[in-house]
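Overview (structure and organization)
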Amino acid sequence: METTQREAISINVGTRLRELRETRNISMRGLATASGLSANALSMIERGKTSPSVSTLYKLADALGVPITAFFGAGSDKQQVVFIKADQRSRIPFSKGVWEGLGGEQFAGRVEPFMLTMESGASSGVHSMAHSGHEFVYCLRGQLEYQVEKEMFRLEPGDNLLFAAQLQHRWRNPGGTVTNALLLLCGFSEGEEPHAMHWRKTG
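In this text, all values refer to a predicted model and were calculated from it rather than measured experimentally.

**Digging into unusual backbone geometry**
Located in the positive-phi region is Asn25, a residue other than glycine, with phi close to 55°. By the element assignment, Asn25 lies in the loop between α1 (13–23) and α2 (28–35). A positive phi angle, near 55°, is found at Glu149, a position not held by glycine. Mapped onto the elements, Glu149 comes out in the loop between β6 (144–148) and β7 (151–155).

Next comes the structure, spelled out in structure tokens:
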């Protein structure tokens, strides 16, 4: 199988964070207070000295009042049809993984598809999350452990999980190899940004 020589578009999260903060006239200290992160940690992210974890991205999105897809680039008019070539996919590196947008940032409907690539030990954080709508997870490679309320599900390649997203949930890669998974958030309430609350309580 031939693979593309071109790389997906890598987003500079620090630069994008600064743009989002400044266009909303929020000071570094103000964002630190709203997100629960330290001003020093925010400064390190904005200067590109460290990559934020998934949970940190969600905290920042929540504090800024924007969807997680806002980190994938400047906002544009939402479309009813979105086609993205593999090499045009935007991506955000996070601690032990990469978060890739699959068009939700451009789509007019209430559905948000993402691709997650997780190294061994990567997780959504120590705290659970909950939001309206439904969550669909499909494991493409490796192992993915999903906890929904008190029930634990271990997904292997080809396994999938579908659940009501108002149930408390979290995930992690318990295996020793890289995991790839397709994550689809859909059916959430109009005006709600489930990505912006997904991991907002995590550290």
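Let's pick the thread back up.
**So, the pattern of salt bridges**
Pairing between side chains becomes possible if they bear opposite charge and their charged atoms approach one another. All told, the structure shown has six salt bridges when counted by the stated rule. Taking the shortest distance from any N to any O, the salt bridge between Arg16 and Glu19 comes out at 3.0 Å. Taken together, the residues Arg16 and Glu19, both in helix α1 and three residues apart, mark about one turn of the helix. Among the residues examined, Arg16 registers a relative accessible area of 12% and is labelled buried. Of the charged contacts in the structure, one is a salt bridge between Arg89 and Glu100, with a shortest N-O distance of 3.5 Å. Taken together, the residues span a long stretch of sequence, with Arg89 in the loop between α4 (54–64) and β2 (90–94) and Glu100 in strand β3 (residues 97–101) at a distance of 11 residues.

**Brief notes about the sheet that holds β6**
The three strands lie next to each other as β7-β6-β9, forming an open sheet whose pairing is antiparallel. In this open sheet, the two strands that pair with only one neighbour each are β7 and β9 (169–172). On average, adjacent strands in this sheet sit at an angle of 20° to one another, irrespective of strand direction. Alignment of β6 against β7, held across five bridges, turns out to be antiparallel. Within β7, the residue paired with Glu145 across the bridge is Arg154.

Here is what the cut-offs are and how they apply
- Residues numbered from 1 in each chain as written.
- Predicted model: local features only at pLDDT ≥ 70, side-chain atom pairs only at ≥ 80, totals over all residues.
- Heavy atoms only, no water.
- Helix = DSSP H or I, 4+ residues; strand = E, 2+ residues; numbered from the N terminus.
- Salt bridge = Lys/Arg side-chain N within 4 Å of Asp/Glu carboxyl O.
- Buried < 20%, exposed > 50% of the residue type's maximum accessible area, 1.4 Å probe, protein only.
- Pairing = 2+ DSSP bridges.
- Axes fitted to C-alpha atoms, helices over the stretch in contact; angles between N-to-C directions.

Worth remembering: the numbers are spatial, not functional.
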